[in-house]
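Fold and geometry: a report
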Amino acid sequence: MDLNMNVNAPHSMGTTIIGVTYNGGVVLGADSRTSTGMYVANRASEKITQLTDNVYVCRSGSAADSQLVSDYVRYFLHQHTIQLGQPATVKVAANLIRLLSYNNKNMLQTGLIVGGWDKYEGGKIYGIPLGGTLVEQPFTIGGSGSSYLYGFFDQAWKEGMTKDEAEQLVVKAVSLAIARDGASGGVVRTVIINSEGVTRNFYPGDKLQLWHDELEPQNSLLDILNAPSPEPMNI
Amino acid sequence: MNFMASKQPENSLLGPEADSQRTLYPYVTGTSVVALKYKDGILMAADMGGSYGSTLRYKSVERMKPIGKHSLLGASGEISDFQEILHYLDELILYDNMWDDGNSLGPKEVHNYLTRVMYNRRNKFNPLWNSLVLGGVKNGQKYLGTVSMIGVNFEDNHVATGFGNHLARPILRQEWHENLSFEDGVRLLEKCMRVLLYRDRSAINKLQIAKITEEGMTISQPYSLKTYWEFSAFANPAQGAVGSW
């Protein structure tokens, strides 16, 4: 038994993060677990962070690194928006993230997914993994939980989904990853961004579908014991 | 090789490494690039994979890009460093255009520039983790060169990076000849790419072939190669010796 839990281990968001485009915008999704070694430091974290009114970023890896990178980019984008006189584009936000990630690659340990909507390109998703590579994709997954989702998305992803289909896909995927990845857990948060604006949704763990070998949650054993015994069969 | 080795969380022990910029290992990598000179110019092939350690993570990465009017750059290795090199070259070409003197940088000049960049970074122990292939045609002269992350550079009639060095170059040494037609050149490259697909774990079956001639450059649409599995020995390899492979 680990009596000397390393409570000074860096806060890391094991994480599952997802970004998906649909016809009209993007859906971003994430779990909510932040761990310090084996201890869950925060079971209801917000990993989808706002950069501007129309661009959000999903954070994974080191909590500190990802918070700082997104704080800097939010600051730069704020100034950029004032100078430009109109909302910043998703591409600019993603490239600012890339610059910080690439130029500090030796010190940072964070993988990010930038997603948003602008009037020029519509909904766009950009993945920026460790090292600072920038890749624009119709959908992307990240974080430790994403390992369990490559096969799922290869099969389940379709071009031209509706907003609801895309969100259901994201919720299902994060939920599946939570089921298998110890570093992911808690609630599923989604953020939908399109021309009309931004919608944040919240799916608590007990409202998610049950997967293999999972049982319906009960209040107490006592409720099960006191349940009426089944009727005898009539042969 | 474990590319995903975690960075030491004990930042206090990082010491000088935390301040100095030195690339220690690549994260998202591209595999082989193969290229050859043919009758009208240069043909180059590369698959569209971006591997993340042993995971074939990205499957639509363009690893060949046009540079200016006369050159074509293909890269293997760390994709973020390749993206940075493209930024440097954008600036180089921009300044070249700003002279507005009718002259433009040819493949030989671009190759020389890249060689200097790569070698200087290597001397500072902070390499751009790439192997580059630079091909082009200017004033009728065909040029094909390569530079590695440690600055080794040379030009030849056919070049390859990564696994391509071991698997493609022997094929090219046997079958390449002066004045290949476009069709023969493509078929020869495809032969090399097929072998790489069979034998390189980080290869994916989605590739592009780029062509550059005096007239200009084109990059083909992504496509996949057919593979052959019908050897009778493949169906039942352990027939003569149960338990063997």
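Residues numbered from 1 in each chain as written. Chains lettered and ligands numbered in written order. Predicted model: local features only at pLDDT ≥ 70, side-chain atom pairs only at ≥ 80, totals over all residues. Heavy atoms only, no water.

Regarding the overall build of chain A
Of the regular secondary structure elements, chain A holds five helices and 13 strands. In terms of its C-alpha atoms, chain A occupies a principal-axis envelope of roughly 80 × 50 × 30 Å. Counting across all 235 residues of chain A, residues that qualify as buried make up 48%. In chain A, once contacts between residues fewer than 6 apart in sequence are set aside, the share between residues at least 24 apart is 63%. Accessible surface, chain A: about 12,400 Å² in total, of which carbon and sulfur atoms supply 53%. Taken as two groups, the 17 positive and 22 negative side-chain charges of chain A have centres that lie 7 Å from each other. (Helix = DSSP H or I, 4+ residues; strand = E, 2+ residues; numbered from the N terminus. Buried < 20%, exposed > 50% of the residue type's maximum accessible area, 1.4 Å probe, protein only. Contact = heavy atoms within 4.5 Å. Areas by Shrake-Rupley, 256 points an atom, 1.4 Å probe, with all protein chains shown as cover. Lys, Arg positive; Asp, Glu negative; His and termini not counted. Charge placed at Lys NZ, Arg CZ, Asp CG, Glu CD.)

Quick look at the sheet that holds strand 2 (residues 17-22) of chain A
Residues and elements named next belong to chain A. The strand order across the open sheet built from five strands is 11-2-3-12-13, with neighbouring strands paired in antiparallel fashion. With partners counted over all chains shown, the strands left at the sheet margins are strand 11 (139-142) and strand 13 (197-203), one partner each. For this sheet, the mean angle separating the axes of adjacent strands, direction not counted, is 15 degrees. Note that strand 12 (residues 188-194) and strand 13 share seven bridges and pair antiparallel. Paired with Arg189 across the strands is Phe202, a residue of strand 13. Packed onto the sheet, helix 4 (residues 163-180) meets strand 2, strand 3 (25-30), strand 12 and strand 13 and runs at close to 155 degrees relative to strand 12. (Pairing = 2+ DSSP bridges. Axes fitted to C-alpha atoms, helices over the stretch in contact; angles between N-to-C directions.)

Structural notes on a nonpolar patch on the surface
Residues and elements named next belong to chain B. Residues Tyr198, Tyr228, Trp229, Phe231 and Phe234 make up a contiguous nonpolar surface patch of roughly 570 Å² in combined accessible area. Within the fold, Phe234 resides in helix 6 (residues 232-235). Using a relative accessible area of 45% as the deciding quantity, one classes Phe234 as partly exposed. (Patch = residues over 30% accessible without salt bridge, like charges linked within 9 Å, V, L, I, M, F, W, Y side chains within 5 Å. Salt bridge = Lys/Arg side-chain N within 4 Å of Asp/Glu carboxyl O.)

A word on helix 2 (residues 79-98) of chain B
Under the 1.5 Å per step criterion, the end-to-end length of helix 2 of chain B is 29 Å for 20 residues, consistent within 8% with the ideal 28 Å. Among all positions of helix 2 of chain B, only Ile79(B), Ser80(B), Asp81(B), Phe82(B), Gln83(B), Glu84(B), Ile85(B), Leu86(B), Leu89(B), Ile93(B) and Asp96(B) are buried. Buried residues in helix 2 of chain B make contact with helix 2 (90-103) of chain A together with strand 1 (28-30), strand 6 (64-67), strand 7 (71-78), helix 3 (107-123) and strand 8 (130-138) of chain B. Directly beyond the C-terminal end of helix 2 of chain B, a positive phi value near 50 degrees is found at Asp100(B). (Expected span 1.5 Å × (residues − 1).)

Looking at the sheet that holds strand 13 (residues 216-219) of chain B
Residue and element names in this part refer to chain B. Read from one edge of the open sheet, five strands run 11-2-3-12-13, paired in antiparallel fashion. Where the open sheet ends on each side, the last strands, each with one partner, are strand 11 (158-160) and strand 13. Strand-to-strand twist of the sheet, defined as the mean angle between neighbouring strand axes without regard to direction, takes the value 10 degrees. Here helix 4 (residues 163-175) sits on the sheet and contacts strand 2 (33-38) and strand 11; the angle it forms with strand 11, its principal contact strand, is near 165 degrees.

Some points on helix 5 (residues 182-199) of chain B
Residue and element names in this part refer to chain B. With 18 residues, helix 5 should reach 26 Å at 1.5 Å per residue; the first-to-last C-alpha distance of 26 Å fits that figure. Listed in full, the buried residues belonging to helix 5 are Gly185, Val186, Leu188, Leu189, Glu190, Cys192, Met193, Leu196 and Leu197. Buried residues along helix 5 sit against strand 2, strand 3 (41-47), helix 4 and strand 12 (207-213).

Section: the environment of Gly123(A)
Residue and element names in this part refer to chain A. Note on placement: Gly123 falls in strand 9 (residues 122-128). For Gly123, a relative accessible area of 21% corresponds to the partly exposed category. Sequence separation between Gly123 and Ser195 is 72 residues, and the spatial gap between their C-alpha atoms is 8.6 Å. Setting aside residues no more than four positions away along its own chain, Gly123 makes contact with Thr21, Gly25, Val26, Gly116 and Trp117.

Some remarks on the packing of helix 1 (residues 63-84) of chain A against helix 2 of chain A
All names here are of chain A. It is the contact of helix 1 with helix 2, at a shortest axis distance of 10 Å, that shows an interaxial angle of 135 degrees. Taken together, helix 1 and helix 2 sit at an angle that is classed as oblique. The two elements helix 1 and helix 2 meet at a crossing, and its hand is right-handed. Residue-level contacts link Val69, Tyr72, Val73, Phe76, Leu77 and His80 of helix 1 to Val92, Ala93, Leu96, Ile97 and Leu100 of helix 2. (Parallel < 35°, antiparallel > 145°, perpendicular 65-115°, else oblique. Left-handed = near helix turned anticlockwise from the far one by under 90°.)

A closer look at the packing of aromatic side chains
Tallied over the full model, the rule gives eleven aromatic pairs over all chains. Geometrically, the ring pair formed by Tyr72(A) and Phe76(A) is stacked, given 6.1 Å between the ring centres and 25 degrees between the ring planes. Here Phe76(A) and Tyr72(A) lie together in helix 1, a separation of four residues that amounts to about one turn. Taking the relative accessible area as the measure of exposure, Phe76(A) reaches 33% and is therefore partly exposed. On the basis of an interplanar angle of 90 degrees and a centroid distance of 5.0 Å, the ring pair of Tyr228(B) and Phe231(B) is categorised as edge-to-face. Take Tyr228(B): its relative accessible area is 42%, and that puts it in the partly exposed class. One aromatic cluster in this structure is built from Tyr198(B), Tyr228(B), Trp229(B), Phe231(B) and Phe234(B). For Arg98(A), the ring lying beneath its charged end belongs to Tyr102(A), and the centroid distance is 5.7 Å. Seen from the ring of Tyr52(B), Arg57(B) lies directly overhead, with NZ or CZ sitting 4.9 Å from the centre. (Phe/Tyr/Trp six-rings, centres within 6.5 Å; stacked < 30°, edge-to-face > 60°. Lys NZ or Arg CZ within 6 Å of the ring centre and 35° of its normal.)

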